[in-house]
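For reference, the chains in residue letters:
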Amino acid sequence: MHCFIGLLSISSGTVLAQHDAHSPMQDSLQLDELVVKGIHGEKKTNILTPTDKVLESTPGITMIRRGNFAMEPAIRSLNNGQITMTIDGMRIFGACTDRMDPVSSYIEPNNLSGIAITENAGENQVGGSVGGGINFKLKEPEFSNERTLSGSAGSGYETNGNAMQGFAGVTITGQNTALQIDGIYRRSGNYKAGGGDAVFFSQYEKWNGHLAGKVRVGKNAFIKGDYLQDEGYNIGYPALPMDVAFAKAKIGSVAFVSENPETNTRWETKLYYNFIDHAMDDTKRPKSMVPIHMDMPGTSRTAGFYSTFSQTLRKKHHIQARVDGFNNELSATMTMYPDGASEMFMYTLPDLGRSGIGAAVNDHISLTALASVRLSGRMEWLHDYQFSQAGKEQLSGIYPGDLSRDRLVGNLGAGMDYQLSERNKLSLDVSRGARAATLQEGYGFYIFNRTDGFDYMGNPDLKQETSVNLNLTYQYKSSRFSASINPFVYFFRNYIVGALLPDYSVMTIGAYGVKRYENIGSARLYGASLNLVWSPVSDLKLSSNNTYTEAKDRAGNWLPLIAPFRSVNTINYQLKAFSFSAEAVLNGAQKKTSPEIYGEQTTPSSAIFNLNAARTFTFEEKGLLRLFAGVDNLFDNKYFQHLDVQKVPRPGRNVVVRATFSF
């Protein structure tokens, strides 16, 4: 399954986006508000809303929460190395051993033209995976016949955490050049959970800036450049034993693009480089909470390229092809400073590197007016290595011999869409996905996992984790009502989990023991979604998005980090320039856990209610002002969700006010 959320225009403030024809999701975005709408219902969110919350409002996406910042996306509860996350097709890897900095934490909605979500591993063009991926498509300026100037600005305030946001952007366009720049600043103090209890170490501060430019070099060709910088400071993580002093990303690229409307072809070749600098920090914690002070910095450097080609033949045959390559180098260290003793140093990621080169093809063919097929595949070669002698020496005492590894990873997919009638459509997808273990899973050294409380060791001899995925989608759509039912199942081989090492001593004070990543023979994940939209009158829309997933290993144990039943029900009403919405978010209890195997506890059910209203003012000189006010968690319920690490309560009642202006 593939969806595309957004195609954002900074001048008009309107964005239209949709999934591919076979997907049950059809979404759109606007500059002053993000609108996720279609057969899954409708969700409106102001542009100042963090990327985390935009993703969390998207059906099929759940978020692993460790604090009030940088939640980690999961697709159908598949996460980390099981899915890929890219920015504009560029491979980027977080630098934190505790996964405090997923790729999504370095991008903001005002940077974006859209978000492409691939649930089908076979259709994932950018990398090997068993669960699909997320690509954050950067916004770019467009050429215009006349010199134009447009822009936008906005600010917001939230009572819970005394949080504030502000952004601004400007675009200058012409026949042969186009330039845009935008930036955003966010800050929040400690928030309060339902009932008024403060959640300490939940503060954060960050800024983000994006510069993009294009120069025409021919009738149908241009060169474009992008630079994105995102920096966070003093970031608290109440679910973890350490906070973050800073998390910085510098992401740059240059590309050549050729578009020929006469032959319906597009060719893009891009070179890119990104640098992630991340430092965990415990100096803001009380001494009673820090048995031993330590520093834990980490870096990630990635250089790469890709070249993509697409063509539409006779409006019935659309083909996409991609070749790409990258090199990523990770390094993370830990220095402990015990009282009255010498400091102790070690690598947690001992100077690890991965190089890869791959090729992918997607082919969509319309057989008849009612039927079409989709074929896709990707093959990539990966080489893992250590790039320093010090890193090699640290692991040599545990894993003798050469630790470099080569892997060939392949994904395949096939699907068919059939229009049963004017209102009924059926889609079937089958895919085979594979992924290599992450560098952390392969070579990590005593990395503490707060989810189960164990130190983890890597295993360079892990086999590829593979999946066979089946998706069936039925859609019904009339002028007033639409519905989508989507059952799915994944059959895994060589599933990667942590296995106890009884003879190893812990490194982290308070850890329950040491585990090493191992393959288990098989596992399965299955679930379904039901999405309903009803519009009894033109200005009123009711939607209900419902998802359910569960997963077991081959011994019948429930797998960890699987989201329970979730239902998001929304009422939207438009009255001239006013819009109103009410939302109920229901999370079922998760009792299907295996604490003795995976260290995961059960989670009770929860329900919260949100209200908001907005007013749009349109001015004669193409200006647009939008005022927004809302209340999240209206009844101040104290709650948490199953994927929230350490069950830290989420924010209580929060009053939000925002204003955005575009011209």
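Counting from 1, residues in each chain are numbered in the order their sequence is written. Restriction of local features to residues with pLDDT of at least 70 applies here, the model being predicted, together with a cutoff of 80 or more for giving and counting side-chain atom pairs; totals for whole chains, interfaces and linings are based on all residues. For side-chain calculations, the full set of non-hydrogen atoms in the structure is used, while hydrogens and water are omitted.

Draft legend 1. View of the overall build of the protein. Along the backbone of the protein there are four helices and 33 strands. Radius of gyration: over C-alpha atoms. The globule rule applied is 2.2 Å multiplied by the number of residues raised to the 0.38 power. Radius of gyration (C-alpha) of the protein: 24 Å, near the 26 Å computed for a compact globule of 663 residues. When its C-alpha atoms are laid out on the principal axes, the protein stretches across 70 × 55 × 50 Å. For every residue, the accessible area obtained with a 1.4 Å probe (protein chains only) is divided by the maximum for its type, and the residue is called buried under 20%, exposed over 50%, and partly exposed between those limits. Counting every position in the protein, which comprises 663 residues, the buried fraction comes to 58%. A contact between two residues is defined here by any heavy atoms of the two lying within 4.5 Å. Counting only contacts in the protein whose residues sit at least 6 apart along the sequence, the fraction spanning at least 24 positions is 64%. Accessible surface is estimated by sampling points in the Shrake-Rupley manner with a 1.4 Å probe; for residues, cover comes only from the protein chains shown. When the accessible surface of the protein is split by element, carbon and sulfur atoms take 59% of a total near 26600 Å². A positive count includes Lys and Arg, and a negative count includes Asp and Glu. His and the chain ends are not counted in either. Charge positions are represented by NZ for Lys, CZ for Arg, CG for Asp and CD for Glu. Taking the 65 positively charged and 64 negatively charged side chains of the protein as two groups, their mean positions are separated by 5 Å. Only runs of H or I of at least four residues qualify as helices and only runs of E of at least two qualify as strands under DSSP, and these elements are numbered from the N terminus.

Draft legend 2. How the structure looks around the pattern of salt bridges. When a carboxyl oxygen of Asp or Glu is within 4 Å of a side-chain nitrogen of Lys or Arg, the pair counts as a salt bridge. Under the criterion given, the structure shown has 35 salt bridges. Here Arg266 ties to Glu259 by a salt bridge, and the two come within 2.9 Å at their closest N and O atoms. Shared partners join several salt bridges into a network, and the residues in it are Glu140, Glu142, Lys214, Lys224, Glu259, Arg266 and Glu268.

Draft legend 3. View of the environment of Val497. Turning to its location among the elements, Val497 is positioned in strand E26 (residues 481-500). The class of Val497 is buried, set by a relative accessible area of 10%.

Draft legend 4. Representation of the environment of Leu586 in the model. Structurally, the position occupied by Leu586 is in strand E30 (residues 578-587). A C-alpha to C-alpha distance of 6.0 Å links Leu586 and Ser606, two positions 20 residues apart in sequence. Ignoring anything within four residues of it in the chain, the contact list for Leu586 reads Phe565, Arg566, Ser567, Asn569, Ser606 and Ala607.

Draft legend 5. Just the side chain of Asn654, in detail. The topology assignment puts Asn654 in strand E33 (residues 654-662). Pairs of N or O atoms are called polar contacts if they sit within 3.5 Å, as long as, within protein, a hydrogen donor faces a hydrogen acceptor (for residues adjacent in sequence, only side-chain-to-side-chain pairs). There is a polar contact of 2.9 Å between the side chain of Asn654 and the side chain of Glu158. Not counting residues up to four positions away in its chain, the partners in contact with Asn654 are Glu158, Thr159, Asn160, Gly630, Val631 and Asp632.

Draft legend 6. Layout of the nonpolar core. Take the buried residues of types Ala, Val, Leu, Ile, Met, Phe, Trp, Tyr and Cys, join any two whose side-chain atoms come within 4.5 Å, and each joined set is a nonpolar core. Ranked by internal contacts, the top residues of the largest apolar core, which has 78 residues, are Ile87, Ile115, Phe136, Tyr237, Phe492 and Leu525. The contacts of Ile87, once residues within four sequence positions are left out, are Ile92, Val103, Ile107, Asn135, Phe136, Leu138, Leu228 and Ile251. Residues Ile64, Ala193, Ala563 and Leu643 belong to the second largest nonpolar core, which totals ten residues.

Draft legend 7. Main features of helix H2 (residues 389-396). Buried residues of H2: Gly391, Gln394 and Leu395, and no others. Viewed along the axis of H2, the buried residues span an arc of 90°, placing them on a single side of the element. Residues of H2 that are exposed and angled more than 90 degrees away from the buried face: Gln389 and Glu393. Against strand E19 (344-366), strand E20 (371-386) and helix H3 (439-443) lie the buried residues of H2. An arc is given here, and it is the one of the directions from the helix axis to the C-beta atoms.

Draft legend 8. Spotlight on the pairing of strand E9 (residues 133-138). For E9, a buried count of five out of six residues is recorded, marking the element as mostly surrounded by other parts of the structure. Being paired, for any two strands, means DSSP has found at least two bridges between them. As paired elements, strand E6 (residues 84-87) and E9 share four bridges and run parallel to each other. Bridge pairing links Thr84 to Gly133 in E9. Examined bridge by bridge, strand E8 (residues 112-118) and E9 share six bridges and lie antiparallel to one another. Bridging from a neighbouring strand, Ala116 pairs with Asn135 of E9.

Draft legend 9. Expanded view of the packing of aromatic side chains. Note on ring pairs: Phe, Tyr and Trp rings are taken, using the six-membered ring of Trp, and paired if centres are within 6.5 Å. Classes follow the plane angle, with under 30 degrees stacked, over 60 edge-to-face and the rest tilted. For the structure on display, the rule yields 16 aromatic pairs. Note on Phe454 and Tyr512: the rings are 6.1 Å apart at their centroids and 70° apart in plane angle, and the pair reads as edge-to-face. Pair noted here: Phe454 is in strand E24 (residues 454-457) and Tyr512 is in the loop between E26 and strand E27 (514-537), with a separation of 58 residues, a long-range link. In textbook terms, an aromatic cluster arises when at least three aromatic residues are bridged by ring pairs, as seen for Phe488, Tyr490, Phe492 and Tyr495. Two conditions define a charge located above a ring, namely a distance within 6 Å from the ring centre to NZ of Lys or CZ of Arg, and an angle within 35 degrees of the ring normal. In this structure, Arg91 is placed above the aromatic ring of Phe326, and the distance from its NZ or CZ to the ring centre is 4.9 Å. A cation over an aromatic ring shows up here: Arg322 above the ring of Tyr306, its NZ or CZ 4.5 Å from the ring centre.

Draft legend 10. Looking closely at the pairing of E19. Of the strand pairs in this sheet, strand E18 (residues 317-337) and E19 are connected by 19 bridges, and their pairing is antiparallel. Following the sheet pairing, Phe326 is matched in E19 by Gly356. Sheet topology note: the E19/E20 ladder contains 15 bridges and is antiparallel. Residue pairing in the sheet places Asn362 in a bridge with Ser376 of E20.

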